[in-house]
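As a plain string of letters, each chain reads:
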Amino acid sequence: PPLHRQRHQFVIDFVKRNKPKKVVDLGCSECSLLQKLKFHREVELLVGVDINGTTVKKKMHRLVPISTDYLQPSYDQLRIELYQGSVTQKDARLRGFDLVTSIELIEHLTLADVKSFSEVVFGYMTPVAVIVSTPNSEFNPLLPGLVGFRHSDHKFEWTRAEFRSWYSMVCLEFGYEVEFTGVGQAPSGQQEGVGFCSQIGVFRRRGVRDGCNMVLGDDAEDVFSYTLLYSI
Ligand code: SAM
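Computed from a predicted model, the values in this text were never measured in an experiment. (Residues numbered from 1 in each chain as written. Predicted model: local features only at pLDDT ≥ 70, side-chain atom pairs only at ≥ 80, totals over all residues. Heavy atoms only, no water.)

Engineer: What's the story with helix H5 (residues 160-174) in this structure? I'm lost.
Structural biologist: Residues spaced three or four apart along an α-helix face the same direction, because each turn holds 3.6 residues. Given a rise of 1.5 Å per residue, 15 residues ought to cover 21 Å, and the 21 Å separating the end C-alpha atoms of H5 matches this to within 8%. Of the residues making up H5, those classed as buried are Phe 163, Trp 166, Tyr 167, Val 170, Cys 171 and Phe 174. Along the axis of H5, the buried positions cluster into a sector of 135 degrees, meaning they face one direction only. Next to the buried residues of H5 lie helix H4 (111-125), strand E5 (129-135), strand E6 (176-183) and strand E7 (198-205). A positive phi of about 75 degrees marks Gly 175, the residue just after H5. (Helix = DSSP H or I, 4+ residues; strand = E, 2+ residues; numbered from the N terminus. Expected span 1.5 Å × (residues − 1). Buried < 20%, exposed > 50% of the residue type's maximum accessible area, 1.4 Å probe, protein only. Arc of directions from axis to C-beta. Contact = heavy atoms within 4.5 Å.)

Next up, the structure:
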């Protein structure tokens, strides 16, 4: 399957295994991952955030329930919310989730904004788990015809060592542990040492017992910087 589908399948497999109740997809774009996640009955709150409201609005109406959705016993417990906002800014409505996904997003940020992203996601939102995917630049020589970055809007593409130095810092600073993995393997025989095409870090907050997030203390700053676009 194409790489974007493999990345989404990676998230879906994680959701099946870990059964998070509250999930937010950062940089949700046209909501294609949310569209797949809404079929997982353990999920009670599904949120999408993107800085580009026009992109989000394009296909968001596909998230409305269709009649067969109601064949799932728990379907009426699902709530979906879409916001326009930047992952470099805090919003109190996104605190305390069980899972945050950031699929091919951070490479669109400047390094200064990656620092804000880390503080917002790991330091402020404090989810139980976070999945971050980003291109592995060591794989680029295997992509035919590629000159420069994989996308003109990318601000960087990291080697495995560069990704590791970022996620090690995040773990140390914010109390997470990480498992390094990825999707998209080199064809056998072709430089298998380069690693995955998309590298993925799966972060888990230290000291969380049952996998679901506890209610946060009331010392939380009540900032609301995102704009609600859709709620159903
Ligand atoms: N996550 C999607 C997926 O898996 O198909 C696609 C990601 S797309 C390559 C990157 C997305 O990140 C774009 O929709 C872009 O608008 C969004 N984005 C870029 N900077 C952002 C920011 N600071 N805050 C929120 N979203 C941002």
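From this point on, the discussion continues.
Engineer: Got a minute to help me understand helix H1 (residues 3-18) in this structure?
Structural biologist: In this model, H1 (16 residues) spans 23 Å end to end at C-alpha, consistent with the 22 Å of a helix rising 1.5 Å per residue. Taken together, the buried positions of H1 are Arg 7, His 8, Phe 10, Val 11, Ile 12, Phe 14 and Val 15. Contacts from the buried residues of H1 go to helix H2 (32-37), strand E4 (99-103), E5, E6 and E7. Downstream of H1 by one or two residues, Lys 19 has phi in the positive range, about 50 degrees.

Engineer: Even after reading the chapter, I still don't get the site of the ligand, so can you show me in this structure?
Structural biologist: Surrounding the ligand, one finds 14 residues, the nearest of these being His 8, Gly 27, Asp 50, Val 87 and Ile 103. His 8 has a polar side-chain atom sitting 2.9 Å from an oxygen atom of the ligand. A distance of 3.2 Å separates a nitrogen atom of the ligand from a polar backbone atom of Ile 51. Summarising the interface, the protein chains cover 80% of the accessible area of the ligand, which totals 610 Å² for the free molecule. The residue makeup of the shell around the ligand, split by class, is five nonpolar, seven polar and two charged. (Near = heavy atom within 4 Å. Polar contact = N/O pair within 3.5 Å; in protein donor to acceptor, adjacent residues only side chain to side chain. Areas by Shrake-Rupley, 256 points an atom, 1.4 Å probe, with all protein chains shown as cover. Nonpolar A, V, L, I, M, F, W, Y, C, P; charged D, E, K, R; others polar.)

Engineer: I would appreciate a short explanation of the packing of aromatic side chains in the present structure.
Structural biologist: Two aromatic rings, taken as a pair, are described by how far apart their centres are and by the angle between their planes. Scanning the model with the defined rule gives 15 aromatic pairs in all. On the basis of an interplanar angle of 25 degrees and a centroid distance of 6.4 Å, the ring pair of Phe 122 and Phe 174 is categorised as stacked. A residue pair is termed long-range when its members are at least 10 positions apart, and Phe 122 in helix H4 and Phe 174 in helix H5 qualify at 52 residues. Just as Phe 122 is buried, Phe 174 falls in that class too. An aromatic cluster is defined as three or more aromatic residues linked by ring pairs; in this entry it consists of Phe 117, Phe 122, Phe 156, Trp 158, Phe 163, Trp 166, Tyr 167, Phe 174, Tyr 176, Phe 180 and Phe 203. Residue placement shows Lys 22 over the ring face of Phe 97; its charged tip is 5.2 Å from the ring centre. (Phe/Tyr/Trp six-rings, centres within 6.5 Å; stacked < 30°, edge-to-face > 60°. Lys NZ or Arg CZ within 6 Å of the ring centre and 35° of its normal.)

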